[in-house]
Amino acid sequence: MQVYKAFFRIIQKNRSQIAIYLVVFMVLALLLTNAYTPPQDTDFTKTRFNIAFINEDGDSELVDGLKTYLGENANLVDLPDDPQQLQDALFFRQVVYILRVPKGFTAAMLNGQEVQLEKTIVPDSPSNIYMDLLINKYLNSAQTYFAYLPGLSQDQLVDYLKVDLAEETAVTVISGSSHSANAEKSGYYFNYISYSLFAILILGVCSVMLVFNDTDLKRRNLCSPIRSATMNFQMILGNLSFAVLTWLVLISASFVMYGSYMFTTNGLLLLLNSFIFTLAALSISYLIGNLVKSRGAMSAVANVFALGTSFLSGVFVPQELLGANVLTIASFTPTYWYVKANNEIANAVSFNAGNLQSIFTSMVLVLAFGVAVLGVTLVLIKQRRVEA
Amino acid sequence: MFLFNYRYRLKCILRDRQLMFWTLLFPILLATLFNLALSNITTAEEFIKVPVAVVENDQLDANPAFTTALEGTDELFAVQYTTRAEAEALLNDNQISGYIVFEPDLNLVVNQSGLNQTIIRGFLDDFLQSSATIVTVITENPTALDNGIVAGVSSRSEYLTEVSASQSNPDPIVNYFYTLIAMTCLYGGFLGLKEVVAIQADLSDVGARINLAPTNKLTVFMSSMLAATTIQLAELLILLAFIIGVLGISFGNQLGYIALTCVIGSLTGVTFGAFIASVIKKGEGFLTGILIASTMTMCFLAGMMYADMKYIVTTKIPILAYLNPANLITDSFYALYYYTSHTQFFTDILLLCGFIIVFSAITYFVLRRQKYASL
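Not measured: the values here are computed from a predicted model. (Residues numbered from 1 in each chain as written. Chains lettered and ligands numbered in written order. Predicted model: local features only at pLDDT ≥ 70, side-chain atom pairs only at ≥ 80, totals over all residues. Heavy atoms only, no water.)

1. So, the overall build of chain A
Going by this rule: Going along the chain from the N terminus, every DSSP run of H or I of four or more residues is numbered as a helix, and every run of E of two or more is numbered as a strand. Put simply, the radius of gyration uses C-alpha atoms, and a globule should come to 2.2 Å times the residue count raised to 0.38. Each residue is assigned to one of three classes by its accessible area relative to the maximum for its type, calculated with a 1.4 Å probe on protein chains only: buried under 20%, partly exposed between the two thresholds, exposed over 50%. Contacts are residue-level and defined by heavy atoms, with any inter-residue pair within 4.5 Å sufficient. Values of accessible area rely on a 1.4 Å probe in the Shrake-Rupley scheme; residue burial ignores everything except the protein chains shown. Neither His nor the chain ends contribute to the count of charged residues, in which Lys and Arg are positive and Asp and Glu negative. All charge positions are set by atom: Lys at NZ, Arg at CZ, Asp at CG, Glu at CD.
Each helix and strand counted, chain A has 15 helices and five strands in total. Relative to the 2.2 N^0.38 estimate, which gives 21 Å for 388 residues, the radius of gyration of chain A is 30 Å and therefore markedly larger than a compact globule would have. Its C-alpha atoms give chain A principal-axis dimensions of about 105 × 45 × 35 Å. Here chain A holds 388 residues, and the buried ones make up 51% of them. The long-range share in chain A, meaning contacts at least 24 apart out of those at least 6 apart in sequence, stands at 76%. Carbon and sulfur atoms form 61% of the exposed surface of chain A, whose accessible area is close to 17600 Å². Averaging the coordinates of the 24 positive side-chain charges in chain A and doing the same for the 27 negative ones gives two points 31 Å apart.

2. A look at the domain arrangement of chain B
Quick note on the threshold: Domain boundaries shown here were taken from an automatic or database domain assignment.
Structurally, chain B comprises domain 1 (2-41 + 171-367) and domain 2 (48-154). In this structure, domain 1 of chain B and domain 2 of chain B have C-alpha centres spaced 57 Å apart.

3. Quick notes on the packing of helix α9 (residues 173-187) of chain B against helix α10 (residues 189-199) of chain B
Residues and elements named next belong to chain B. Rules: Comment: axis = line fitted to C-alpha atoms, over the contacting stretch for helices; angle = value between 0 and 180 degrees taken between N-to-C directions. What sets the label is the angle itself: under 35 degrees gives roughly parallel, over 145 gives roughly antiparallel, 65 to 115 gives roughly perpendicular, and the rest give oblique. Residues are sorted three ways: Asp, Glu, Lys and Arg are charged, Ala, Val, Leu, Ile, Met, Phe, Trp, Tyr, Cys and Pro are nonpolar, and all the rest, Gly among them, are polar.
Between α9 and α10, the shortest axis-to-axis distance is 4 Å and the interhelical angle comes to 5°. When the axes of α9 and α10 are compared, the pair comes out roughly parallel. Of the residues in α10, those touching α9 at C185, L186 and Y187 are G189, F190 and L191. The class makeup of the residues in the contact of α9 with α10 is five nonpolar, one polar and no charged.

4. Points about the pattern of salt bridges
Condition: The salt bridge criterion pairs a side-chain nitrogen of Lys or Arg with a carboxyl oxygen of Asp or Glu, the two atoms within 4 Å.
Under the criterion given, the structure shown has twelve salt bridges over all chains. Across the pair E344(A) and K340(A) runs a salt bridge whose closest N-O atoms are separated by 3.6 Å. Separated by four residues within a single helix, E344(A) and K340(A) lie in helix α14 (residues 334-347), roughly one turn from each other. Judged by its relative accessible area of 24%, E344(A) falls in the partly exposed class. Between E88(B) and R84(B) there is a salt bridge; the shortest N-O distance is 3.7 Å. Of the two residues, E88(B) and R84(B) both sit in helix α6 (residues 84-92), four residues apart, roughly one turn of that helix. One salt-bridge network, in which partners are shared between bridges, spans K46(A), E168(A), R121(B) and D125(B).

5. Here we look at a negative patch on the surface
Threshold: Two joining distances apply to patches: 9 Å for like charges and 5 Å for nonpolar side chains (Val, Leu, Ile, Met, Phe, Trp, Tyr), and every residue must have over 30% relative accessible area and no salt bridge.
Judged by side-chain charge, D59(A), E61(A), D64(A), D155(A) and D159(A) come together as a negatively charged surface patch. For the negative patch, the elements supplying multiple residues, two or more each, are α3 (61-73) and α7 (154-165) of chain A.

6. Concerning the environment of L76(B)
Here L76(B) is to be found in the loop between α5 (64-71) and β2 (77-82). With a relative accessible area of 9%, L76(B) lands in the buried category. Remark: the alpha-carbon pair of L76(B) and L186(B), spanning 110 residues in sequence, is separated by 47 Å. In this view, L76(B) contacts I129(A), F47(B), K49(B), V50(B) and I119(B); residues no more than four positions away in its chain are not counted.

7. Some remarks on the domain arrangement of chain A
Reports of interface size often rely on the accessible area that becomes lost once the parts have come together. Looking at the assigned domains, one finds that chain A contains domain 1 (2-39 + 180-387) and domain 2 (50-165). Each of domain 1 of chain A and domain 2 of chain A has a C-alpha centre, and these two points are 53 Å apart.

8. Regarding the sheet that holds strand β1 (residues 50-55) of chain B
As a reminder, the rule being used: Any two strands with at least two DSSP bridges between them are considered paired.
Sheet architecture is open: five strands sit in the order β5(A)-β4(B)-β3(B)-β1(B)-β2(B), paired in mixed fashion. In this open sheet, the two edge strands, each paired with only one partner strand, are β5 (170-173) of chain A together with β2 of chain B. Taking the axes of each pair of neighbouring strands and ignoring which way they run, one obtains an average angle of 25° across the sheet. Bridging between β1(B) and β2(B) involves six bridges; their strand directions are parallel. Bridging across to β2(B), A53(B) finds its partner in Q80(B).

9. Observations regarding the interface of chain B and chain A
Formally: A 1.4 Å probe defines the accessible area here, and the buried area is the portion of it lost by two parts on being joined, summed over both. Under this definition, polar contacts are N or O atom pairs within 3.5 Å; protein pairs additionally need one hydrogen-donor-capable and one acceptor-capable atom, and for neighbouring residues in sequence, both atoms have to be side-chain atoms.
Counting residues at the interface gives 80 residues for chain B, matched by 77 residues for chain A. Of the roughly 7300 Å² buried at the junction of chain B and chain A (both faces included), carbon and sulfur atoms supply 63%. Of all residues in chain B, the largest losses of buried area upon contact with chain A belong to Y159(B), L160(B) and Y311(B), amounting jointly to 12% of the total for that side. Scanning the region where chain B abuts chain A turns up one salt bridge. Of the charged contacts in the structure, one is a salt bridge between E168(A) and R121(B), with a shortest N-O distance of 3.0 Å. Seen at the junction of chain B and chain A, the total is 30 residue pairs in polar contact (both at pLDDT 80 or more).

10. Observations regarding the packing of aromatic side chains
What counts here: Classification of ring pairs rests on two measures: the distance between centres of Phe, Tyr or Trp rings, Trp counted by its six-membered ring, which must be within 6.5 Å, and the angle between planes, read as stacked under 30 degrees, edge-to-face over 60 and tilted in between. A ring has a charge above it when a Lys NZ or an Arg CZ is no more than 6 Å from the ring centre and no more than 35 degrees off the ring normal.
Scanning all chains against the criterion turns up 52 aromatic pairs over all chains. Chaining the aromatic ring pairs together yields one cluster made of F91(A), F92(A), Y178(B), F251(B), Y311(B), F333(B), Y334(B), Y337(B), Y338(B) and Y339(B). A cation over an aromatic ring shows up here: K11(B) above the ring of Y8(B), its NZ or CZ 5.6 Å from the ring centre. Lying over the aromatic face of Y334(B), K310(B) brings its terminal NZ or CZ to 4.6 Å of the ring centre.

Spelled out as C-alpha cells, the structure:
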C-alpha cells in the first residue's frame, strides 16, 4: 500500500492549508447557526420592531402613554440623541424606525392644533407601515377623545386609551407543524458544509495530484514493480478515504450541536444528502487536480470554485433571495441541487411521496454530476497518456 | 537609477500572474459574487401588499363598517373575498398570509406568526380599538353621536412626517462593497511584501544582488515602493470603476474625496505589507499567510462577512474600530456616502495617515544599514 500511504503523507504535509478551511467552517457554523432563531411558534407572537423613541417635549402623560403603548408593541432601543449614532443605528438596522416628538407637541394636541411627529425610516419597509399604523391610531384616538370629551384630563385620557387599546383580535394559528428549532439551524449547517467541503477536497486532491502528475515522478512510478491497476486502485482508495474522512470530520459537530435530531428522518436524509454531495465534490476535485499545473493556481481555483458555487447556489444567502438568472446559472452546479435538497429536507414536517421525490431527484442529479465529471476526467487522463 | 528600478519593478509586478490574480481579479470576482448574492436583499426588505382573504358570510354583511375600513387600506392589503373553504385552501398553499372571518366576533386565522400576520392583526386591532373608543365616548357624551363621531373616526389624520437621516439611503449592502475595497487595499500588502523580499539579501537572490550594487538602498527601496503603490492604485481604480460602473453600487458623489481615500488606502496597504515583511523574519509563504490572516480578521471586524459586526465593534469596543485599518478605510467610504458632515471622514483619513507613517518608519529602521556576515 505504498501509494495509499504516500497519498496521506502528502495530505499531512498540506494540513495547515486544509485546516484553515476547517476552522473557517467551524466558526461560520457556530456563529451563524446559533445567531439564527426562527420566529416560529405555536402561539401567535407579534413581530416586534426595534425602534428609537426620542422625546423633545416635556414629560407629559400623553407622550408617556404613547411611549408605553409603543413599548408594548415594539422594542424600544435606548439610543443617545446624536445624529451620527442614530444614523449608524438605522443603517445597520439596529433600529428601523426613529420617532421624534417635537417640543410643544402635547400642548398643541391639547389645543386641537395640527402637529406632526418626525419619523426617520427605512424607505419602503413593512416596519414603516406597521409603526405608522400604531402611532396614528394612538394619536387619532386621543384626538377623538379631545374633540368629543372636552375638559378631559390627560390622566383620564391615557386610562381610556389603555382600556381601548387592550382590545385584541382573536387569532387562530392553524398549523400541524411541529417544526423544531434544530430543523432550520441544521439546514444552515449542512449548507455551509458545501463551502468547506469543496475547498478542502480541491486543495487535498490537487496537492496529491500535483505530486503524482509530475512528469519525472510519473515515469519513475510507471517503471516500478507495481501493477498499474494496483496503483490506480490505491489512488482511488486514497481519494475515497480522504473524502469520507473529510465528510466525517465536517459532520461530526452536527451531532454535538443537534443531538438526537440527527437520528430523525430529517437528520438522516441531511447526512445522506451531504454524503452524496461529497462524492460529487470529490469527482470535481479530481478533475481540477488533473487540470491544475501549479500550487499557486491550486489555491486560486479552490477559492474561486468554493466561494463562487456557494454564493451562486444559496449557501451564504438563501436561495429564495437570489434572482432567477442567478439560480439558472447555479443549476449547472451540483451545489445548487444539494442546497435545494437540504432546504427541502429541513423544511419538511412530514415526508410524503411528493417531497421525497423532489429530494431524491436532487440527490440523483448531484450524483449524476459526479459521474459525468468523472467520465470526463477519465477520458482526459486516457488522452494524455496516449499523447505522452 | 530611480526611474530604472521603478520601470523594472513595474514589469516584475505585472508579470507575476498569481499576484495579479489575488490583488485584482479576486476582488473583482468577489464583488461580482457579492452583487449576485446581495442584490435582492434590499428588495426583500421592501413592503409588498399583504395578501389576505375575507370570508363572506352573514356576519360580515352585518358589519358594513368593517368592509368600509378595509376598503380604505388598499395600499396595505391585497384583499380577496372568498368562502371559508377557499380561504382555508389558499392559506394551506401559502397564497395568503391569513384570512379574516366573523364568527360572529372578528377572528384572524393564520398558519404562522410573522410580519404579514402582525400587520393584519394590527389593522384588525385598530378596527376593534377605534370601535371601543367610539363606545366609550358615546357612553360619556351621548351627544357625540349627533356630532358625527363615527364619520370623524373614519377620517383619520396623519401625524407623521418623514425626515430623512441623510442624503443617502440607509442601505447596508453598500458596506459589503466598502469592506471589499478595504480588503483590496490591504491586499496591496502583497506588493509591499514582494518589494521588501526583493530588497532583503537574506530573503531573495535579487535582494543579494541589489545590496551589492553601488546605489543608495533608500533610493532603490523608495522607487520600488512607488512602483508597488502605482500598481496598487491602478488596480483599486479599476475595481472601483467596476463596482460603480458595472455593478452600480453607490459611493455618493464626492469624487475628489473618494480618490483621496483610494490613494491613502493604497499607501496603507503597501506599507502594511512592507511592515510585516520587515518585522517578521520568515519565508515568503509564511509572510503571505500572516498577511491574509490579518487582512481577513480586520475585514471581518469591519463587517465584510457580517455587516452588523462593524456596528457592534464601533459601539462596544470603539478603540478596536479606530485601530483597524480595514475599518478605517471602510468607514471613510461609509462616512462619505452617508454622513452629512466630514468630521468622521477626516478623522479616519488622519488615522490612516498615522498608520502609514508608523508602518513606513518601522520598515525604514529595520531595513537600513543591514549587513550580512554570510548568506
